[in-house]
Amino acid sequence: MRILVSGSTGFLGTFLIEKLQREGHTTARLVRPETSRSQTNGGGQGLSVGWDPVDGKFDAAAAEGFDALVHLAGASIADKRWNASRKNLLRTSRIAATRHLMGALSKLQLPPRVIVATSAIGYYGDRGDEILTETSAPGDDFLAGLCRDWEAETTRGAEFGARVVNLRFGIILAADGGALPRMALPFKMGVGGRLGTGRQWMSWLTLGEAAGMIEFALGNSGFAGPANAVTPHPVQNTEFTRILAKTLHRPALFPAPAFALRLALGEMADALLLPSQRVMPSKLEQSGYKFAWPDLTKALVEILQK
């Protein structure tokens, strides 16, 4: 396939492009003006398509005739403490940028036939022990609204005939990116422990699994709409903590109280660290997807003890 990729310099995008290229696909990075040449050359030389949603620019001629778009772009949710300005950036980098991109693609003579776009299980909000599937209602907090509105913009791809998939990713575990290095650091220092009560459910997947799910969505013509991109085995934070500590051969004796997390991170603590999201990958399972790393213990050993 010929595949356009936005957000290609992130840890998922970089890994995905390398994997796609190894498997013989042609990839082109959607590149904004601020993206350096060294960033776009990561993961092998390749094509690029200019895109600037702020100024409304798009290299339509270079974007013609691609089979698919993998849309991963968006400012990092966890890099900085949320305030009004940061929240605005999180929304504009996803919602306004996606609106511009869908509009630009709609004007092509040969737009992509399939769009696989990233979303997040933050769509569901904090739901306790409730088992969540793709038919569950959205939450009512900031992150849930962000995911809901983001998905709504990508569904506009159906207007020009694209099959649209919104993958609602859980916590993506990787050695060199995402949440795991930050989660592992206190344990490596001997001061790790559960977060809050530890009863909150964590729905997760490995980086390799995330790329595999994207490829599955690209290649299966009957697969469309929202899909929970997680393993079938969520765990509560207490269990995650135990397994992580055992994998690192470290104790897990120092819990982080919810009030301390809120003091340090503000609203982010309730949105990213303390919510309970017991999410099931119902659509992937029903569609025949084969999970490569469904067991947390084996996954963390593979990631952290290479």
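Before reading further, recall that the structure is shown in the block above.
The structure presented is a predicted model; accordingly, all values stated were derived computationally and were not measured. (Residues numbered from 1 in each chain as written. Predicted model: local features only at pLDDT ≥ 70, side-chain atom pairs only at ≥ 80, totals over all residues. Heavy atoms only, no water.)

1. A short note on the packing of helix α1 (residues 11-22) against helix α7 (residues 207-219)
The cut-off we apply is this: To obtain each axis, a line is fitted to C-alpha atoms, and for helices this fit is confined to the stretch in contact; angles are then taken between N-to-C directions over 0 to 180 degrees. Numbering goes from the N terminus for both helices and strands, where a helix is a DSSP run of H or I of at least four residues and a strand is a run of E of at least two. An angle counts as roughly parallel when it lies under 35 degrees, as roughly antiparallel when it exceeds 145, as roughly perpendicular when it falls between 65 and 115, and as oblique in every other case. Each helix crossing is assigned a hand: it is left-handed if the near helix lies turned anticlockwise from the far helix by less than a right angle, otherwise right-handed if that turn is clockwise. Between two residues, a contact is recorded if the distance between any of their heavy atoms is within 4.5 Å.
Where α1 contacts α7, the axes come no closer than 10 Å and their chain directions differ by 60 degrees. Our classification of the angle between α1 and α7 gives oblique. Both α1 and α7 take part in a crossing whose hand is right-handed. Listed contacts from α7 to Phe 11, Leu 12, Phe 15, Leu 16, Lys 19 and Leu 20 of α1 are Leu 207, Gly 208, Ala 210, Ala 211, Ile 214 and Glu 215.

2. Some details on the pairing of strand β12 (residues 225-229)
For a regular strand, the rule is simple: side chains alternate between the two faces of the sheet. To be explicit about the condition: Note on exposure labels: buried denotes an accessible area under 20% of the residue type's maximum, exposed denotes more than 50%, and partly exposed covers the range between, all computed with a 1.4 Å probe on protein chains only. For two strands to be treated as a pair, DSSP must find at least two bridges joining them.
Most of β12 sits out of view: four of its five residues are buried. Looking at chain direction, strand β8 (residues 163-169) and β12 are connected through five bridges and run parallel. Its bridge partner being in β12, Asn 166 is matched across the sheet by Pro 226.

3. Let's talk about the sheet that holds strand β2 (residues 26-31)
On the basis of which strands lie adjacent, the open sheet formed by eight strands has the order β4-β3-β2-β1-β5-β6-β8-β12 and mixed pairing. Taken across any chain shown, the strands that pair with only one partner, and hence form the sheet edges, are β4 (57-58) and β12. Where strand β1 (residues 2-6) lies against strand β5 (residues 68-71), four bridges are found, and the strand directions are parallel. When the sheet's bridge partners are listed, Ser 6 is paired in β5 with His 71. Strands in contact with α7 are β1, β5, β6 (114-120), β8 and β12; relative to β8, the strand with the most contacts, it is inclined by about 160 degrees.

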